[in-house]
Amino acid sequence: VDAFQAWCGPCKTVVDLFQRIRNEVGSNLLHFAVAEVDSIDALEGYRGQCQPVFLFYAEGELVAVVRGVNAPLLQKTILEQL
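Residues numbered from 1 in each chain as written. Predicted model: local features only at pLDDT ≥ 70, side-chain atom pairs only at ≥ 80, totals over all residues. Heavy atoms only, no water.

Caption draft 1: Just the sheet that holds strand β2 (residues 34-36), in detail. Strand order across the open sheet formed by four strands is β2-β1-β3-β4, with mixed pairing between neighbours. The open sheet has two free edges, formed respectively by β2 and β4 (61-67), since each of these has just one partner strand. Across the sheet, the mean angle from the axis of one strand to that of its neighbour is 30°, orientation sign disregarded. Where strand β1 (residues 2-4) meets strand β3 (residues 53-58), two bridges bridge the pair, whose relative direction is antiparallel. When the sheet's bridge partners are listed, Asp 2 is paired in β3 with Phe 54. Set on the sheet, helix α2 (residues 71-81) makes contact with β3 and β4; between it and β4 the angle comes to about 165°. (Pairing = 2+ DSSP bridges. Helix = DSSP H or I, 4+ residues; strand = E, 2+ residues; numbered from the N terminus. Axes fitted to C-alpha atoms, helices over the stretch in contact; angles between N-to-C directions. Contact = heavy atoms within 4.5 Å.)

Structure (structure tokens):
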């Protein structure tokens, strides 16, 4: 989940990375979503940050968090979690 604030919008530069990985591993294993933290109370703790935050969930549980646009770290985290 790309957790973003309304003033900066979702991180469009990472979409290509997620799509490439999803194509490599199969569409049933990886899902990408965006969530505006300003409108979701459960994400209140991510408000006021000036960098994107990527939340990784498995079976409904938060399993990893990556702060900032770091493509190698995002890819590593995705592959580790899969």
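Now, onward.
Caption draft 2: Molecular detail of the packing of aromatic side chains. One pass over the structure, following the stated rule, counts two aromatic pairs. Both rings, one in Phe 18 and one in Phe 54, keep their centres 6.2 Å apart while their planes meet at 35°; by these two values the pair is tilted. Of this pair, Phe 18 sits in helix α1 (residues 15-25) while Phe 54 sits in strand β3, placing them 36 residues apart in sequence. In this structure, Phe 18 and Phe 54 share a single accessibility class: buried. Put simply, the rings of Phe 18, Phe 32 and Phe 54 pair up and form one aromatic cluster. (Phe/Tyr/Trp six-rings, centres within 6.5 Å; stacked < 30°, edge-to-face > 60°. Buried < 20%, exposed > 50% of the residue type's maximum accessible area, 1.4 Å probe, protein only.)

Any functional reading would require information beyond the geometric quantities listed.
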